[in-house]
Amino acid sequence: MAPADAHIDAATGPAPQADTGAEDTLDLELSEELLALFGADTPATAAPHLQPGAPASLPSPASSVPGDAGPAADTPPAISRAAASDLLDRPADWRPVTTPAGVFQLVPVRLERDLAVLSRWMNDPAVAAFWELAGPEAVTAAHLRPQLDGDGRSVPCLGVLAGIPMSYWEIYRADLDPLARHYPARPHDTGIHLLIGGVHNRGRGVGTTLLRAVADLVLDNRPQCARVVAEPDLRNTPSVSAFLSAGFRFSAELELPDKRAALMVRDRNHRAQL
């Protein structure tokens, strides 16, 4: 059994069903005009900002597939349509930030590069208890593909700390998510799900540090977003405590289809005080 404090940092996201991987996205059809307005059809060609000296588990853009020479070094790799979408103000362009734990950056997931490590994390019992994506790589891939191929309302990212991939994040439009049916959502509310991949990064406050950093990234890069929200399982007291320590406030108890959750909110107006 994983230690209790592993629940703070191992996984604070939902438990999506492995057979769909996308049921946390509303079936909201956007018109072509609206997609054009959001920039969802912008060519996805920008390269993510990778830290110099990134380890083999996060290859350089020029060689993302083992054994494949890849494109020329000066050719930026394609990123997902979702990562280039303006629905979340292009997370692919968000810059690194310095935290007490080191330089941190969200790097949009690329399936061919990141699937193996993400599947390994999903098979960690402490993570699987929340995400329910244990199994072969195909299970994790089925969860990722609808986001990567979607319109940009949910963007999966690696969390890279000091050049090392060590966490997984989903940045999503909470106001366009089924979560919005369960709380008084406001336009541009932005949600986060996360898991910490390495056991050595759990139980040391790293999760709290990164929660604050990612919430600040959202608020800094999404000027129309007034709130960052999350919905950890209400029974997971250490997780709720981590959000509180990261500047979130407890807003309400929510009855969700798969859990009773604590609605946690980080307000733009109060970020200087919390």
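Quick note: structure is the one above.
Reading guide: rules and limits
Residues numbered from 1 in each chain as written. Predicted model: local features only at pLDDT ≥ 70, side-chain atom pairs only at ≥ 80, totals over all residues. Heavy atoms only, no water. Phe/Tyr/Trp six-rings, centres within 6.5 Å; stacked < 30°, edge-to-face > 60°. Helix = DSSP H or I, 4+ residues; strand = E, 2+ residues; numbered from the N terminus. Buried < 20%, exposed > 50% of the residue type's maximum accessible area, 1.4 Å probe, protein only. Contact = heavy atoms within 4.5 Å. Arc of directions from axis to C-beta. Pairing = 2+ DSSP bridges. Axes fitted to C-alpha atoms, helices over the stretch in contact; angles between N-to-C directions. Parallel < 35°, antiparallel > 145°, perpendicular 65-115°, else oblique. Left-handed = near helix turned anticlockwise from the far one by under 90°. Salt bridge = Lys/Arg side-chain N within 4 Å of Asp/Glu carboxyl O.

1. Considering the packing of aromatic side chains
Here the structure, examined in full by the defined rule, presents three aromatic pairs. Relative to Trp169, the ring of Phe104 has its centre 6.1 Å away and its plane inclined at 65°; by these criteria the two rings are edge-to-face. Note that Phe104 is positioned in strand β2 (residues 102-108) and Trp169 in strand β4 (residues 164-173), a separation of 65 residues in sequence. We note that Phe104, like Trp169, is buried. Measuring from centroid to centroid gives 5.0 Å for Phe243 and Phe248, while their planes differ by 85°, and the two rings are edge-to-face. Taking the relative accessible area as the measure of exposure, Phe248 reaches 3% and is therefore buried.

2. A word on the environment of Ala134
Counting through the fold element by element, Ala134 comes out in the loop between α4 (125-131) and α5 (137-148). Using a relative accessible area of 40% as the deciding quantity, one classes Ala134 as partly exposed. As a C-alpha pair, Ala134 and Arg120 span 14 residues in sequence and 8.5 Å in three-dimensional space. Ignoring any residue separated from it by four or fewer positions in sequence, one finds Ala134 in contact with Met122, Asn123, Ala128 and Val139.

3. Things to note about helix α7 (residues 237-245)
Every buried residue of α7 is listed here: Ser239, Val240, Ala242 and Phe243. Each buried residue of α7 lies within a common arc of 155° when the element is viewed along its axis, so the set occupies one face. One or two positions beyond α7, positive phi appears at Gly247, with a value near 95°.

4. Looking at the pairing of strand β3 (residues 154-161)
Most of β3 sits inside the fold, with eight of its eight residues counted as buried. Burial along β3 is two-sided: the face carrying Ser154, Pro156, Leu158 and Val160 and the face carrying Val155, Cys157, Gly159 and Leu161 are both buried. As defined by bridge partners, β2 adjoins β3 across five bridges and the pair is classed as antiparallel. Following the sheet pairing, Leu106 is matched in β3 by Gly159. As judged from the eight bridges shared by β3 and β4, these two strands associate in the antiparallel manner. Paired with Gly159 across the bridge in β4 is Ser167.

5. Here we look at the packing of helix α6 (residues 206-221) against α7
Between α6 and α7, the least distance of the axes is 8 Å, while the angle of their chain directions is 50°. In terms of their interaxial angle, α6 and α7 are classed as oblique. Note on packing geometry: the crossing formed by α6 with α7 is right-handed. For the pair α6 and α7, the contacting residues are Thr208, Leu211 and Arg212 in the first and Ala242, Phe243 and Ser245 in the second.

6. Considerations on the pattern of salt bridges
All told, the structure shown has 16 salt bridges when counted by the stated rule. With its nearest N and O atoms 2.7 Å apart, the salt bridge here joins Asp93 to Arg90. For Arg90, a relative accessible area of 17% translates into the label buried. Arg235 serves as the salt-bridge partner of Asp233, at 2.9 Å between the closest nitrogen and oxygen. With relative accessibility at 73%, the residue Arg235 sits in the exposed group. Salt bridges linked by common partners bring Asp216, Asp220, Arg266 and Arg271 together as one network.

Taken by themselves, the reported measurements are silent on function.
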